Structures are given as structure tokens and as C-alpha cells.
Amino acid sequence: MKPIDSADRTQDYRVSGSTGGAIAAVGMALLMLIGFALNLDRLFDNSTELSASKNDLSHILDGTASRDFAADLAKVALPVEAARLQRAASWLTLGDLGPKVREGCTNWLFLTDELMPHPDGETARLTRLNQVKKIEQILANRQIRLIVAVVPDKSRIMSQHLCSLKRPEGMTTRAADWVAQLKAAGVSAVDLSHPLSQSKQNTFLRTDTHWNLAGAAIAAQSVAIAAKAASKEPLTPWQRLETAVQGSTLWPGDLVRLAGLDWLPTNLQPASETVPELTFKNTSTSHPTDTPLSEDGLFGNNNMPTVTLIGSSFSRTSHFSDFLSQALETPVANLAKDGGGFSGAAHDYLQSSTFRETPPKVLIWEIPERDLETPLNNDKALPL
């Protein structure tokens, strides 16, 4: 049993020892009974919507009423409720976070995928390497500079919080090797492992797979340096962004959601965390708007951004694109996709009318390390 930490508001609810299994069973049964009662209550509430004709004696005798009742019963999400209750019972009694999430120490959560090798991972990594090289050539033929930014695994950078969890030895140099191979092929690439690991403060969110504000700002600075070095022309239009803190907010960590516990009261979830709320204000007189650039906002704009960002949810978390725009002193069109994985955003953008009609001078492609070796059938086909 782990020692109880004063910052962890959930530890008091978890038990261990020889009675753990019995308590888990009792807790599970109680939770399922409650869920079943709630579903039956919902079912009978819905039954009032049935017309009287369906409930008269003739319909009861010919089976219509029982058939309708069975149909209504089938619509009630008992399997879903049972799964949710089972997850809660396992967490509250045994501290189990399910198959997708692992708990380190001091309340840090990690994605299981970052701790397990994928079958044929090396083949997938090399295949994606060749795809990026081909995309770089296609862009170069159109005088567009590609910058690839590889985001390291949280479990790599925050390894001091893994404790009993271990990363496979084969992953030790995975990100660095992939970036080195890209550079050897003439592709401008940045391994964000070094700047993020050198920081004296935490650079990832504790209950989330993504970087925090400090990590996003550090990564943006490193990518901006590479983009400026690779660009042969000034990145116009120019702008200045100023940052202000507007209080703080509770962060709904995606690892809590993946563990199936985000529906519980906050004090029963894994220990929560708060983050500062930032605002970015454009103070440049030549570009007064404070509206973020998006794909919809590009059409019909005569003062087009010269930098486009594609990638994963990392580019949409903790103001990474704002920090990048601030570091480059130019607007950045953020066309990253939540859940896009390795190629989702690239697939959509490179085949879009936005790319055909208003191509950027610099394309920044953010790629999570954890997506380098996932099965290739998860990817969207790239226009190679």
C-alpha cells in the first residue's frame, strides 16, 4: 500500500490487504444495485410516454405490452452503467485505474501506451520516417519549408515520477534516433526532449498526457528557433502578443477520463490539479484583432499567415500555438487535430483547398513520440 499523501484527496477511499477483494466485491455489488435502480427509475419514467392503447387488456393479452416493455428495457444503457460502476469500484477499493492508465508516485498518472512496446513498432517507425521524407520533398518543390517537431513521451520527461513503473529499454533513444534520421535526410527536425528535460520545473500536466504551460512555452521557443533558421524569407505579417494571467481553473485531465473516472465527484477522482488561465492579447497596431486563426478564418483573408501548424492535441493544449506565435512574432494558423495521431491533421490539411490556394512559407508538423510506433492501420493516408 502506498503512503497517503496530503495532496491526494482520494487516497482515504482506497484499501488494501486481505480484505481488499471482499470489499471490492461488496462495493461493486452496491454500486451496480444503485445503477440498476437508477436505470429502472428512468425506464418507468419513460413508460409514461406510452399511449394508453398499448397498456390496455388486449395489448397485454396479445403480448404487445410485454414486447414494448422489453424494447424499452433494451434501450437502457445497463452495460454502460455497469462498466462505469465497475471502474469506480475498482478505483475506490483497489486503486485500479484500468488498462489504459498507470499510476506512478506523488499522484502522477501515465498513459499505458508509453510504457509498452508495440508489435512491429520498428517497421511502423521506419515507414513513417519515409513518409515524412516524401512530404518534405513535395513541400520543397513548392518552396515550403517543413519543420518537424517531435514531442517526447511524458513518461520520458517526468521519469522521476514513474517510481515502480518502467519504460522498455528499447524506447530509450527512440525519439532522438528518429530525429537524427530525419536530419540525415535533410529534413529540419527538432527533438523537444532536451529542452523539456532541462527545465527545473515540471513541464507536463500531472493527470494529463500533455505538456503544461511551462512545457508548451519551452517547446514553442525551440520550434521557433528552428523555424526562423529554416525560413528563407521574413515571416510576415508581424505581430506582438502579450500574455496575462487571469486566475486559475481546475484541469480535467484526460488520463482521468481514460481511466473512466471523470464522472465521479471531484473528491473521489484521482487528486486534481489547477492551472493558470492565460490570455494572449495582440498589441501590434498593424494586426489589431485578437481572434485566433483557424481553418475557417483563413478564407478570404488578404493578410495571410505565413506559418501553419499541424499535428496532434499537443498543438491544441496549454496555448502551444499562442506561445509559438509569440516566439515567431507572426500569426500561426493552427490546423492541428485532437485525436489526429501521426497523420490525421497532415492528411486533412495537405488535401484541402486552404493548402492549395494559400500555402504557407513554413509548415510546422508536431508529432508525438508515442505515435511513432503505433499500428500503421491507425493512420490516414498521406498524399505522397
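Refer to the structure above for everything that follows.
These notes cover the structure that comes with them.

Each value, and the rule that gives it
- Residues numbered from 1 in each chain as written.
- Predicted model: local features only at pLDDT ≥ 70, side-chain atom pairs only at ≥ 80, totals over all residues.
- Heavy atoms only, no water.
- Helix = DSSP H or I, 4+ residues; strand = E, 2+ residues; numbered from the N terminus.
- Buried < 20%, exposed > 50% of the residue type's maximum accessible area, 1.4 Å probe, protein only.
- Pairing = 2+ DSSP bridges.
- Axes fitted to C-alpha atoms, helices over the stretch in contact; angles between N-to-C directions.
- Contact = heavy atoms within 4.5 Å.
- Parallel < 35°, antiparallel > 145°, perpendicular 65-115°, else oblique.
- Left-handed = near helix turned anticlockwise from the far one by under 90°.
- Nonpolar A, V, L, I, M, F, W, Y, C, P; charged D, E, K, R; others polar.

Observations regarding unusual backbone geometry
In step 1: Not every positive phi belongs to a glycine, and threonine 106 is a case in point at roughly 50°.
In step 2: Here threonine 106 is to be found in the loop between β1 (101-103) and β2 (109-111).
In step 3: Under the relative-accessibility criterion, threonine 106 is labelled partly exposed at 43%.
In step 4: Backbone geometry places glutamine 143, a non-glycine residue, at a positive phi of 60°.
In step 5: Here glutamine 143 is to be found in the loop between α5 (121-140) and β3 (145-151).
In step 6: Judged by relative accessible area, which is 63%, glutamine 143 ranks as exposed.

Re the sheet that holds strand β8 (residues 332-334)
In step 1: The strand order β4-β3-β9-β7-β8 describes an open sheet built from five strands, whose pairing is parallel. Each having just a single partner strand, β4 (188-191) and β8 make up the two edges of the open sheet. In this sheet, neighbouring strand axes are inclined to one another by 20° on average, regardless of whether the strands run parallel or antiparallel.
In step 2: As judged from the seven bridges shared by β3 and strand β9 (residues 362-368), these two strands associate in the parallel manner. In the sheet register, leucine 146 faces β9, and the bridge partner there is leucine 363.

Observations regarding the environment of phenylalanine 320
In step 1: For phenylalanine 320, the position within the fold is in helix α12 (residues 320-328).
In step 2: Classification of phenylalanine 320 by relative accessible area gives buried; the value is 1%.
In step 3: Phenylalanine 320 sits 99 residues away from glutamine 221 along the chain, and the two C-alpha atoms are 9.9 Å apart.
In step 4: Excluding anything up to four places from it in sequence, phenylalanine 320 contacts Trp211, Ala216, Ala219, Ala220, Val223, Leu309, Phe314 and Ser315.

Description of the packing of helix α9 (residues 213-230) against α12
In step 1: At a minimum axis distance of 8 Å, the contact between α9 and α12 shows a crossing angle of 45°. As far as their axial angle goes, α12 and α9 are oblique. Seen along the crossing, α9 lies across α12 with a hand that is right-handed. Contacts from Leu213, Ala216, Ala217, Ala219, Ala220, Gln221, Val223, Ala224, Ala227 and Lys228 of α9 reach α12 at Phe320, Phe323, Leu324, Ala327 and Leu328.
In step 2: Looking at the contact of α9 with α12 residue by residue, the class counts come to 13 nonpolar, one polar and one charged.

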